[in-house]
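Here's the letter readout for the chains.
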Amino acid sequence: MSILDVEGLSKSYRQAGGESTLAIENISFQVNEGEFVSLVGPSGCGKTTLLMCMAGLIAPSAGRVVVKAAEVDGPPRNLVLVFQEYNKSLFAWRTVLGNVLFGLEVKGKPAREAEEKASYLIGLVGLDGFERHYPWELSGGMQQRVAIARALAYEPEVLLMDEPFGSVDAMTRLELEDGLLRLWKELGTTILFVTHDIEEAIYLSDRIYVLGRRPSRVIQAVEVRLGRPRNQLTTRADASFMELRNEIYKQTAPRLSSGW
Ligand SMILES: Nc1ncnc2c1ncn2[C@@H]1O[C@H](COP(=O)(O)OP(=O)(O)OP(=O)(O)O)[C@@H](O)[C@H]1O
Ligand SMILES: [Mg+2]
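Residues numbered from 1 in each chain as written. Chains lettered and ligands numbered in written order. Predicted model: local features only at pLDDT ≥ 70, side-chain atom pairs only at ≥ 80, totals over all residues.

Participant: Now, about the packing of helix α3 (residues 96-106) against helix α5 (residues 140-153): what can you tell me, with residues and values included?
Facilitator: Direction vectors running N to C along α3 and α5 enclose 25 degrees, while the axes themselves pass 7 Å from each other. In terms of axis orientation, α3 runs roughly parallel to α5. Between α3 and α5 lies a crossing whose hand is right-handed. Here Val96, Asn99, Val100, Phe102, Gly103 and Leu104 of α3 come into contact with α5, specifically with Val146, Ala149, Arg150 and Ala153. (Axes fitted to C-alpha atoms, helices over the stretch in contact; angles between N-to-C directions. Helix = DSSP H or I, 4+ residues; strand = E, 2+ residues; numbered from the N terminus. Parallel < 35°, antiparallel > 145°, perpendicular 65-115°, else oblique. Left-handed = near helix turned anticlockwise from the far one by under 90°. Contact = placed C-beta atoms within 7 Å.)

Participant: So, unusual backbone geometry: which residues are in play, and what are the values?
Facilitator: The residue after Arg228, namely Pro229, is reached through a cis peptide bond having omega 0 degrees. Tracing the backbone shows Pro229 in the loop between β10 (218-223) and α8 (234-237). A positive phi angle, near 50 degrees, is found at Asn26, a position not held by glycine. Its location among the elements puts Asn26 in strand β2 (residues 20-32). Phi is positive for Ala69, close to 70 degrees, though the residue is something other than glycine.

Participant: Just give me the short version of the site of ligand 1, but keep the residues and values in it.
Facilitator: Among the 14 residues in the neighbourhood of ligand 1, the closest are listed as Tyr13, Ala23, Lys47, Thr48 and Thr49. Elements with a contribution of two residues or more to the shell around ligand 1: β2 and α1 (47-54). By residue class, the composition of the shell around ligand 1 is three nonpolar, nine polar and two charged. (Near = placed C-beta within 6 Å. Nonpolar A, V, L, I, M, F, W, Y, C, P; charged D, E, K, R; others polar.)

Participant: Residue-level account of the sheet that holds strand β1 (residues 2-14), with values.
Facilitator: The sheet built from four strands is open, its strands ordered β2-β1-β4-β5 with antiparallel pairing. Each edge of the sheet is formed by a strand with only one pairing partner; in this case those strands are β2 and β5 (70-71). Judged from the nine bridges that link them, β1 and β2 form a sheet pairing that is antiparallel. Bridging from a neighbouring strand, Leu4 pairs with Val31 of β2. On the sheet, α1 packs against β1, β2 and β4 (62-67) and is oriented at approximately 120 degrees with respect to β1. (Pairing = 2+ DSSP bridges.)

Participant: Lay out the environment of Ile219 with the relevant residues and their values.
Facilitator: As for its placement among the helices and strands, Ile219 is situated in strand β10. With 116 residues separating them in the primary sequence, Ile219 and Gly103 have C-alpha atoms 36 Å apart. Apart from the residues within four sequence positions on either side, Ile219 is in contact with Val210, Leu211, Gly212 and Gln251.

Participant: Explain the sheet that holds strand β8 (residues 190-195) to me, using residue names and the numbers behind them.
Facilitator: The mixed open sheet is built from six strands, whose spatial order is β6-β7-β8-β3-β9-β10. What marks the edges here is a single partner per strand, and that holds for β6 (79-82) and β10. The mean angle between the axes of side-by-side strands here comes to 15 degrees, regardless of whether they run parallel or antiparallel. As paired strands, strand β7 (residues 158-162) and β8 are joined by five bridges and run parallel to one another. Note that in β8 the partner of Val158 across the bridge is Thr190. Sitting on the sheet, helix α9 (residues 239-252) touches β9 (207-211) and β10, and the angle it makes with β10 is about 180 degrees.

Now the structure itself:
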């Protein structure tokens, strides 16, 4: 059953000189309850714009987003966005525990219950023992895990993630991918994951929507039928993984094989 519907969404930004930039044009896709879906697209194609519209943080120029049969016209209660620049989105003046508690305080949870839930989430992202640390005392990957735990504190049914692993090193990235898959399985949250990394999208997802250059549209929908649980070594070496990768590369970067 579909939990998230994006219907004919367009967004143009008005520039200072009066001209406008069309960031996304007539984008439509669906995400079913409990699915892990990725959106891939080149830099600047409008991925963040699309997520901001979906999270009700900016208004689309045309079309609509529907979450659980309700049209989005402001931030929905059951959907949370993990921002692209997580290090800017964490509260620098709050500890790890304080950051995660924030969502629970917003929800008005009693203090004791909130602390228990926050500790559980901190454990879930593997940060036991770091509750009293400040964000600047943590590595990039750890900060990202705090951002994820904080988002989960809102108990969202839908989690939107904007290139969440874009600024960590390659090894940390693989660990974060596996950690996220474990969380997803345990919590049953629906995840829409944005990345420009085609292989990351295949590794994580049930389905991938491929976006073209700006103004972007969905140019391809790809079903990923690789088994789960996935494994960084064996899944990525699977023949069907490579087939999917080649298929998507051909769509997005047709010049790759021919050079300059
Ligand atoms: N607030 C804004 N005002 C004006 N133009 C904007 C604004 N935000 C984004 N744009 C423009 O919209 C287009 C899409 O930007 P967006 O940030 O959505 O792309 P993206 O796919 O997320 O890029 P990246 O992969 O680099 O994060 C770009 O041309 C950008 O300049
Ligand atoms: Mg972006």
